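Chain by chain, the residues:
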Amino acid sequence: MTASLTNTQARRIAVAAQGLHSAGATAFTPAQVLAKLGCVQIDSMSAVRRSHELVFLSRGTPRDDVLRVGTAGTSISFEGMAHALSLITWQLWPAFEFRRRRTRAHGWRGPDVDAAAVAQVRGRLEAEGQVRPSDFGRSTGTGWERDSPYRWALEWLAATGGAVCVERDRWQRVYSLPERVIPEQIRSIEMTDAECVRKLCRWSVDALGVATTKDVADYFRLRPTEAGLGLEALGLERAEVQGWREPAWLSPLAEPDAKIEDDAVTPLSPFDSLVWSRERLHRLFGKDYRLEAYKPAAKRRFGYFGMPILVGDAIVGRVALRRRGEALIVENFELDTGVPDSAIDRAVSTVVDWTGCKTTTHERIHQ
């Protein structure tokens, strides 16, 4: 059976599936956000707040609860490669075993791993239960260029299931034995590779609402061919969406007539799962936004950290914000024709609440 959807219906399905602007919805706890999305992308960029924190805040999670995500004693997720490096709900630990098996069998694309360093790290994990990279001495380099045989030993163990990171000490990952932190009823679930892929495909479709095979593959970075096979095996309803070149898959949870709070205004992290795919962003919302944070300042046309603004089920513009001490700086903004400036005011006011900034300053850049 194939459903026919307008692009407006597809947008409303997608927005509601992502836990945004649903009529009558209450604030989500961090665990509920992760259960709905499956994963929340992590990025070190903190122009406003850390990107993953913005994802929780945009879904109504109280600020104090967001601050406790990934801290000792409150673990609800593990870190791993999903859509890039992400916080992943514990419920998906069994489904990622196919990737851990693949790495154990065929290796990874990372640097060579020192077997002696792996043995030493494993020994300390077994003796102490958890370790930090700093427990093995200082790394060379800084930032993304940090290097140490023990860093890669830890990451290898995490990629193969011998260790897991479920919390951080400030910025530093804390690695634990899986049996120490992941509930036994979750760890005991055994799945074949095909079952793992089907599980991830179904979670992706539910989180996206309506999606092409490429959208589904991109969500957890599956290979397109394996995602296609997984989706076919699920037997989901297909959909033809007006203006889309490719047919889509429709989540059984999707509501084509989903009730959306049309007056709700929410600024989004550019790494939010509603908008992290530029192709899908353009298809659903007609926008071709590019993150310019990685460009030299002189080559930026809009601003360092451009946050799309969701009003109801439409993205109507964006605003480039940066926090400087207790001030929130508005570098730039743009709105669709006919959208009142109050949308910008409400978006900025929301970020002020999220950050606790005391003042707002406009320092509009010239394009």
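Above this text is the structure in question.
The paragraphs below set out a description of the structure included in this document. Here the structure is a predicted model, which is why all the values come from computation and not from measurement.

**Observations concerning the overall build of the chain**
Stage number 1. Helix and strand content of the chain: 14 helices and 15 strands.
Stage number 2. Based on the C-alpha atoms only, the size of the chain along its principal axes is roughly 65 × 55 × 35 Å.
Stage number 3. Across the 367 residues of the chain, 53% fall into the buried class.
Stage number 4. Surface summary for the chain: the accessible area is close to 17,600 Å², and the carbon and sulfur share equals 48%.
Stage number 5. Averaging the locations of the 50 positively and 47 negatively charged side chains of the chain gives two centres separated by 3 Å.

**With respect to the pattern of salt bridges**
Any two side chains of opposite charge can pair, given that their charged atoms come close.
Stage number 1. This structure, assessed with the given rule, holds 28 salt bridges.
Stage number 2. Residues R318 and E334 are paired through a salt bridge, measuring 2.8 Å at the closest nitrogen-oxygen approach. Here E334 lies in strand β14 (residues 327–335) and R318 lies in strand β13 (residues 314–324), a separation of 16 residues in the sequence.
Stage number 3. On the basis of relative accessibility, which here comes to 28%, the residue E334 falls in the partly exposed class.
Stage number 4. R322 is paired through a salt bridge with E331; the nearest N and O atoms lie 3.0 Å apart.
Stage number 5. We classify E331 as buried; its relative accessible area is 12%.
Stage number 6. Beyond isolated ion pairs, a larger network of salt bridges with shared partners links E79, R151, E155, R168 and R173.

**What to know about the nonpolar core**
Stage number 1. One finds F220, F305, M307 and L321 to be the most contacted residues of the largest nonpolar core, which totals 73 residues.
Stage number 2. Residue contributions to this core peak at eight residues, all from helix α10 (residues 193–208).
Stage number 3. Other than its neighbours up to four places away in sequence, F220 contacts L37, G38, C39, A82, H83, L92, F96, R99, L200, W203 and S204.

**Observations regarding helix α13 (residues 278–285)**
Stage number 1. When α13 is considered as a whole, its buried residues turn out to be R280, L281, R283, L284 and F285.
Stage number 2. Lining the buried residues of α13 we find α1 (7–17), α10, β8 (210–211), α11 (213–219), β12 (306–311) and β13.
Stage number 3. Note on α13: the residue one or two positions beyond its end, G286, has a positive phi of about 70°.

**Re the sheet that holds strand β11 (residues 265–267)**
Stage number 1. With mixed pairing, the five strands of this open sheet are ordered in space as β11-β12-β13-β14-β15. Here the strands that pair on one side only, and so sit at the sheet edges, are β11 and β15 (359–362). Taking each pair of neighbouring strands and ignoring which way they run, the sheet shows an average axis angle of 35°.
Stage number 2. Here eight bridges tie β13 to β14, and the two strands are oriented antiparallel to one another. Across the sheet, R323 pairs through a bridge with L328, a residue of β14.

What counts, and where the lines are drawn
- Residues numbered from 1 in each chain as written.
- Predicted model: local features only at pLDDT ≥ 70, side-chain atom pairs only at ≥ 80, totals over all residues.
- Heavy atoms only, no water.
- Helix = DSSP H or I, 4+ residues; strand = E, 2+ residues; numbered from the N terminus.
- Buried < 20%, exposed > 50% of the residue type's maximum accessible area, 1.4 Å probe, protein only.
- Areas by Shrake-Rupley, 256 points an atom, 1.4 Å probe, with all protein chains shown as cover.
- Lys, Arg positive; Asp, Glu negative; His and termini not counted.
- Charge placed at Lys NZ, Arg CZ, Asp CG, Glu CD.
- Salt bridge = Lys/Arg side-chain N within 4 Å of Asp/Glu carboxyl O.
- Core = buried A, V, L, I, M, F, W, Y, C linked by side-chain atoms within 4.5 Å.
- Contact = heavy atoms within 4.5 Å.
- Pairing = 2+ DSSP bridges.
- Axes fitted to C-alpha atoms, helices over the stretch in contact; angles between N-to-C directions.

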